Amino acid sequence: MPDPVAWTFAPGGDYIEELSWLTDVAQAPTGGTQHRRLRQSPRTVIGFSALESGANRRWLELLLRQYGAAAWWCPVAIDTRWLTADVAIAATVLPIGAVAGARFAVGGRALLIGDDPRKYEVVQVDLVGTSTITLLSGLANGWPAGTQVVPLRRAHLAEPPQISRFTADDTGVVDLRFRLDEPLDTTAAMPGATYRSYPVFDAFVPVWTSDPAWTPERRVELLDDEMATPLVVDTAGVALGKQAMDYIVDTAADVGTLRAAMFALAGRWAPAWVPSWAHDLRLAASVSSGQGYIDVDGPLLSTQPLAANHRDIRIWLDSGTVLYRRITAVASQSATVDRLTLDATLPAAFTAAQVRMICFIALCVQDGDSNTLRYFDPQTMQCALTWRELDHEL
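Presented here is an overview of the structure given in this document. (Residues numbered from 1 in each chain as written. Predicted model: local features only at pLDDT ≥ 70, side-chain atom pairs only at ≥ 80, totals over all residues. Heavy atoms only, no water.)

**As for the state of the cysteines**
Covalent bonding between the sulfur atoms of two cysteines defines a disulfide. We apply this condition: The criterion for a disulfide is a pair of cysteine sulfur atoms lying within 2.5 Å. Only protein chains enter the accessibility calculation, which uses a 1.4 Å probe; a residue is then buried when its area is under 20% of its type maximum, exposed when over 50%, and partly exposed in between.
For the structure shown, the criterion picks out 0 disulfides. Of all cysteine sulfurs in the structure, the one in cysteine 383 sits closest to cysteine 74, which takes part in no disulfide; the separation is 19 Å. Assessed through its relative accessible area of 0%, cysteine 74 is described here as buried. The closest cysteine sulfur to the non-disulfide-bonded cysteine 359 is located on cysteine 364, 12 Å from its own sulfur.

**With respect to helix H2 (residues 252-265)**
This is how it is decided: Working definition: helices are DSSP H or I runs of at least four residues, strands are E runs of at least two. Numbering for both runs from the N terminus. Here a helix's expected span is defined as the number of its residues, less one, multiplied by 1.5 Å.
With 14 residues, H2 should cover 20 Å at 1.5 Å per step; its first-to-last C-alpha distance of 20 Å lies within 8% of that length. Among the residues making up H2, those that are buried are Val255, Leu258, Arg259, Ala260, Ala261, Met262, Phe263, Ala264 and Leu265. Residue alanine 266 follows H2 closely and has a positive phi angle near 50 degrees.

**With respect to unusual backbone geometry**
The phi angle of most residues is negative, glycine excepted, and most peptide bonds adopt the trans form. Omega for the bond connecting glycine 298 with proline 299 falls within 30 degrees of zero, at 0 degrees, which places this linkage in the cis form. With respect to the helices and strands, the residue proline 299 is situated in the loop between strand S23 (293-297) and strand S24 (312-317). Positive phi, normally seen in glycine, also occurs at glutamate 226, with a value near 70 degrees. With respect to the element layout, glutamate 226 can be found in the loop between strand S19 (218-223) and strand S20 (231-239). Taking relative accessible area as the criterion, glutamate 226 reaches 69% and is therefore assigned exposed. Its identity is not glycine, yet tryptophan 277 carries a phi of approximately 55 degrees, on the positive side. Relative to the assigned elements, tryptophan 277 resides in the loop between strand S22 (272-275) and S23. Among the residues examined, tryptophan 277 registers a relative accessible area of 7% and is labelled buried.

**Details of the pairing of strand S29 (residues 380-389)**
A regular strand carries its side chains on alternate faces of the sheet. Going by this rule: When DSSP finds two or more bridges between two strands, those strands count as paired.
Burial runs high along S29: 7 of the 10 residues are buried. As paired elements, strand S21 (residues 242-249) and S29 share 8 bridges and run antiparallel to each other. Directly across from methionine 245, in S29, lies its bridge partner leucine 385. Here strand S27 (residues 355-366) runs beside S29; their pairing, made up of 3 bridges, is antiparallel. Counted as the bridge partner of glutamine 366 is tryptophan 387 from S29.

**Looking at the nonpolar core**
Where we set the bar: The criterion is simple. A nonpolar core is a set of buried Ala, Val, Leu, Ile, Met, Phe, Trp, Tyr and Cys residues joined through side-chain atoms within 4.5 Å.
By size, the foremost hydrophobic cluster in this structure holds 50 residues, and its most contacted members are Trp7, Phe178, Phe201, Leu258, Met262 and Trp387. Ranked by residues supplied to this core, first place goes to H2 with 6 residues. Counting 18 residues, the second largest nonpolar core, distinct from the first, contains Leu301, Leu340, Phe350 and Ile358.

**Some remarks on the environment of alanine 236**
Position of alanine 236 among the secondary structure elements: in strand S20. The class for alanine 236 is buried, based on a relative accessible area of 17%. Sequence separation between alanine 236 and isoleucine 96 is 140 residues, and the spatial gap between their C-alpha atoms is 56 Å.

Okay, here's the thing in structure tokens:
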């Protein structure tokens, strides 16, 4: 089998990683679901753009014409590091500064390259340290400080790219998508607290780059014989809402944390408590230390029975304190106040002015098995998530 061809042209535009999981979801007519994870690692597509002219343009087109269906070494360009010192021919240790967050893999490949896409070297990684990577064999060339060191993954083009002409010797923007043949995994981990044995997805607050949206969907069966009035049956008896939220992180540490959370959720496989991030309840009276209820503006919850999947709340104080509680009973205190009895007392006193937000949290899974991570730079990443509420009796 011939060696893969290295993609050595400078990436541009938005860098994206598409993660595609596979979950077998069995749903009962009454709303309950069972989720089985079918892929240990997601199928991953890396996307970026290229823009070349002159000799580099001719080289790019020649490679695509010759090797369009062949295997490639795809650069994980967002994890690029740089040599911090010169390295000589036959050297086996590459000093690259902070390795944390860069997805170099033991036994995998890395690319050393400068400004010329035809002058490069593909090396095999033997050991990944905190500030160096050790190679399985010595370098064939010497490389100066500042040389790019890029993790590679074996891949194939997901589809042939379209190459437009800006001039007779310049390409337009060439959009490329590589489907990886090797995993690009991050260790799964959910940040934040745990409530009723499941994680709470509240380490990241959604942003308003697009409006968060909630749809009160239900499990409905429509029986229609085309003659009589159709019969509508609400089989679950509760709303199984769907909410879409946009998340953006802007530090390298948060990029790694959010990516690890995506691997913990694994598409539709793992559930988490998700806040509505709306002012669902307004505190009507101050709370004393050890109090087991809160008074809120009403009438609201006292007008309807409590739904099993809509009775858990998140109390967020200006001090940063976050409390999770379950509403166990509701009573109307007056024409404008509802009293909510909680499953546990509150540890400290606070006033209405000290409350940043009281919102519901719902046990959810993602509504789909695909996530797109869009990077603007190594420290800034955007991800849109759509959550589906579960019917549960926790």
